[in-house]
Amino acid sequence: MTTTCIRNAACIIAWDATNRRHAYLMGGDVAFAGDTLTYVGPKFDDAADVTIDGADMMVMPGLIDLHSHPSTEPFFRGVREEHGVPSMYMSGLYERSVAMQPDALARKAGKQVAFCEMLLSGVTSVADISGIDEGWIDIAAQSGLRVFLAPSYASARWHLENGWALKYRWDEPAGRRGLDAALALIGEAAAHPSGRLAGIVSPAQIDTCTEDLLRDSFAAAEERDVPLTVHCAQSVNEFQIMVDRHGKSPVQFARDLGILSPRTVLGHAIFIDEHSWVRWHTHTDLTTLAETGTNVAHCPSPFARYGHTLEDFGRYRRAGVNLGIGTDVAPHNVIEEMRLAAILARVSARDINTTSVSALFHAATVGGAEALGRSDIGRLAAGAKADLVLVDLGNVWMRPARDPLRSLVFTGADRAVRTVFVHGAKVMDGGRVLTMDHEAALAGVAEGQARMLRDAPTRDWAGRSADEISPLSLPVLGEGRNRN
Ligand SMILES: [Zn+2]
């Protein structure tokens, strides 16, 4: 077994097990053998087969992206950043997902582009919430990432007949078949020889699954001892529909169904009963999330673009809710999500002290690990998995690196991420992903996006073109040469 040692690292973000928190070790060594860390401390006295000079480097645990949709989101670059529907409380989710869907051929390239973005920005573990496509397991394994495959299924699909009312097309047998197929795939992932794949039971949304399907999904997750994730409290529309159906908030509905627990991860739990946009009469959801041990995957970007935010990250934490960080959309950049989450929490709370970079970093590492039921990732400690990131403190955006984590989160971000190891293997180095052909995947995404935009009028309720649904940010002069 090969032993690798990063010697004389300028800074290590080490796990302080006694106090259950990350702490700076200013100068030290990190060693790993095979897929496991064997030493994190001031000086590694043993010999190493491979030595890496850690001067001008910060070594930190790999980040965990707790909620992402790699199959579809890369296709919305340039499309969704400013797309929203004011008559649906600003959310563009329903209009866009009905009118624009990448095809199966494109989705393969989408996954690779998303995985490349993650590796370039220091992510080593990801929850990939996607429909089942042929070859998914192979792409996940090839990526070099630690992938938690969350095959998504539902009893209904969203459907629009106008620009304001969210409707549903129910097909309960399809939901059943989806659960069966998901459980088979989760078994396959767990048995994969790479040792880097695992599964999550993933009924798609709280509003698109029948009560029976949600209950049986939770029972299946318990039986297999894997996490369950579901979109819940992600829009005002969803909140109102759950009130219309059941007379209670989405979180109260989930609680009464018995699916809230420490193995449950809610994306995104923003519109809980006390959120200022819903004006509901109870204020119990936050306590419910904490008391049931339910985890929240917080993904600030997509919501902030609509004008929505969690109220607020710091308050959720103080209430005792475990939060992880996800990307949900492109760019798949957890470091930038940490920055946005910190800023939005302060704006929302009108209080700089509501949260901190250290709390966000905890969420993006240990918080995500806890939500996934893992105590061996998201931290640098002997015995944990060798999932680690080397950050270049000499990068111009990091200097002066008085407080390297702050420099990384507020300034450097992916520009300072030099090298990434997952499961002991080097998968990204010097801004280049070593496991996938990023260029080829980007070409596939561009072609897939063109087909998706071309077909929008056939899917949109009003037959509009993609340019009508989501106009370019600037007007186009003259005829141009490259636009049709
Ligand atoms: Zn999502």
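One can find the structure itself at the top, above this paragraph.
Here goes a summary of the coordinates provided. Because the structure is predicted, anything quoted here is derived from the model rather than measured.

Our next topic: the overall build of the protein. Helix and strand content of the protein: 16 helices and 22 strands. The C-alpha radius of gyration of the protein comes to 22 Å, within 12% of the 23 Å expected for a compact globule of 484 residues. By its C-alpha atoms, the protein is 70 × 60 × 45 Å across when sized along the principal axes. Counting over 484 residues, the protein shows a buried share of 58%. Total accessible area computed for the protein in this model is approximately 19,600 Å², and 49% of it derives from carbon and sulfur atoms. Each charge class in the protein was averaged separately, 47 positive and 59 negative side chains, and the resulting centres sit 2 Å apart.

On to the nonpolar core, then. Ranked by size, the top nonpolar core spans 96 residues in total, and within it Met60, Leu63, Leu119, Phe313 and Leu408 carry the most contacts. If we skip the residues at most four places from it in the chain, Leu119 touches Ser143, Leu145, Val417, Val420, Val422, Val427, Met428, Val433, Thr435 and Met436. Among the nonpolar cores identified, the runner-up in size contains 16 residues, and Ile6, Ile12, Ala14 and Leu388 belong to it.

Of the volumes computed, that of the largest pocket is approximately 1,400 Å³. The wall of the largest pocket is formed by 48 residues, among which Ser97, Gln101, Arg157, Trp158 and Gln205 lie closest to the centre. Listing elements by their share of the lining of the largest pocket, those giving two or more residues are helix H1 (93–99), helix H2 (104–120), strand S9 (123–130), strand S10 (146–153), strand S11 (156–160), helix H4 (172–190) and helix H9 (300–306). For the lining of the largest pocket, the per-class residue count stands at 18 nonpolar, 18 polar and 12 charged.

A word on the state of the cysteines. Counted according to the given criterion, the structure contains zero disulfides. With no disulfide partner, Cys209 has as its closest neighbouring cysteine sulfur the one in Cys232, 11 Å distant. Taking the relative accessible area as the measure of exposure, Cys209 reaches 4% and is therefore buried.

Where strands meet in a sheet, backbone hydrogen bonds hold them as pairs that are either parallel or antiparallel. Read across the open sheet, the four strands follow the order S15-S16-S17-S18; overall the sheet is parallel. Looking at strand neighbours, the two that pair on one side only are strand S15 (228–232) and strand S18 (322–325), the edges of this open sheet. When the angles between neighbouring strand axes are averaged without regard to direction, this sheet yields 30 degrees. Sheet analysis places strand S16 (residues 264–268) next to strand S17 (residues 295–298), joined by two bridges and oriented parallel. Residue pairing for S17: Val265 is matched across the bridge by Asn295.

Quick look at the coordination of the zinc ion now. At the metal site, the zinc ion is ligated by His67 (NE2), His69 (NE2), His231 (NE2) and Asp328 (OD), and these contacts range over 2.0 to 2.4 Å. The sequence motif formed by the donor residues of the zinc ion is H-x1-H-x161-H-x96-D. With His69 in the loop between strand S8 (63–68) and H1 and His231 in strand S15, the pair connects residues that are 162 residues apart, well separated along the chain. Of the two residues, His69 and His231, both sit in the buried class.

Cut-off values and rules
Per chain, residue numbering runs from 1 following the sequence as it is written. A pLDDT threshold of at least 70 governs which residues receive local features in this predicted model, and a stricter bar of 80 or more applies before side-chain atom pairs are shown or counted, although totals over entire chains, interfaces and linings include all residues. Excluding hydrogens and water, the side-chain values take into account all heavy atoms of the structure. Going along the chain from the N terminus, every DSSP run of H or I of four or more residues is numbered as a helix, and every run of E of two or more is numbered as a strand. Atoms considered for the radius of gyration are the C-alpha atoms alone. The globule rule reads 2.2 Å times the number of residues to the power 0.38. Accessibility here uses a 1.4 Å probe with only protein chains present; expressed as a share of the type maximum, an area under 20% marks a residue as buried, one over 50% as exposed, and anything in between as partly exposed. To measure how exposed things are, a 1.4 Å probe is used in the Shrake-Rupley method; for residues, cover is taken only from the protein chains shown. Note on charges: Lys and Arg go in the positive column, Asp and Glu in the negative column, and His and the chain ends are not counted at all. For charged residues, the charge sits on one atom: NZ in Lys, CZ in Arg, CG in Asp, CD in Glu. We call a set of buried residues a nonpolar core when its members are Ala, Val, Leu, Ile, Met, Phe, Trp, Tyr or Cys and they connect through side-chain atoms within 4.5 Å of each other. Contacts were defined at the residue level, with two residues in contact if any of their heavy atoms lie within 4.5 Å. Only protein atoms enter the 1 Å grid, on which a cavity is a set of points fitting a 1.4 Å probe that cannot get out and a pocket is an open set with protein on both sides within 12 Å along at least 5 of 7 lines, lining residues being those with an atom within 4 Å of a point. Grid points are joined across faces, edges and corners, and a volume is the space filled by probe spheres set on the points. Side-chain classes follow a simple rule in which Ala, Val, Leu, Ile, Met, Phe, Trp, Tyr, Cys and Pro form the nonpolar group, Asp, Glu, Lys and Arg form the charged group, and the remainder, Gly included, forms the polar group. Note on terminology: pairs of cysteine sulfur atoms within 2.5 Å are recorded as disulfides. The pairing criterion is simple: DSSP has to find at least two bridges between the two strands. Here an angle of 0 to 180 degrees is reported between the N-to-C directions of two axes, which are lines fitted to C-alpha atoms, with helices fitted over the stretch in contact. Here the coordinating atoms are restricted to nitrogen, oxygen and sulfur within 2.8 Å of the metal centre, or 3.2 Å for Na, K and Ca, and because water is not among them the sites may look incomplete.

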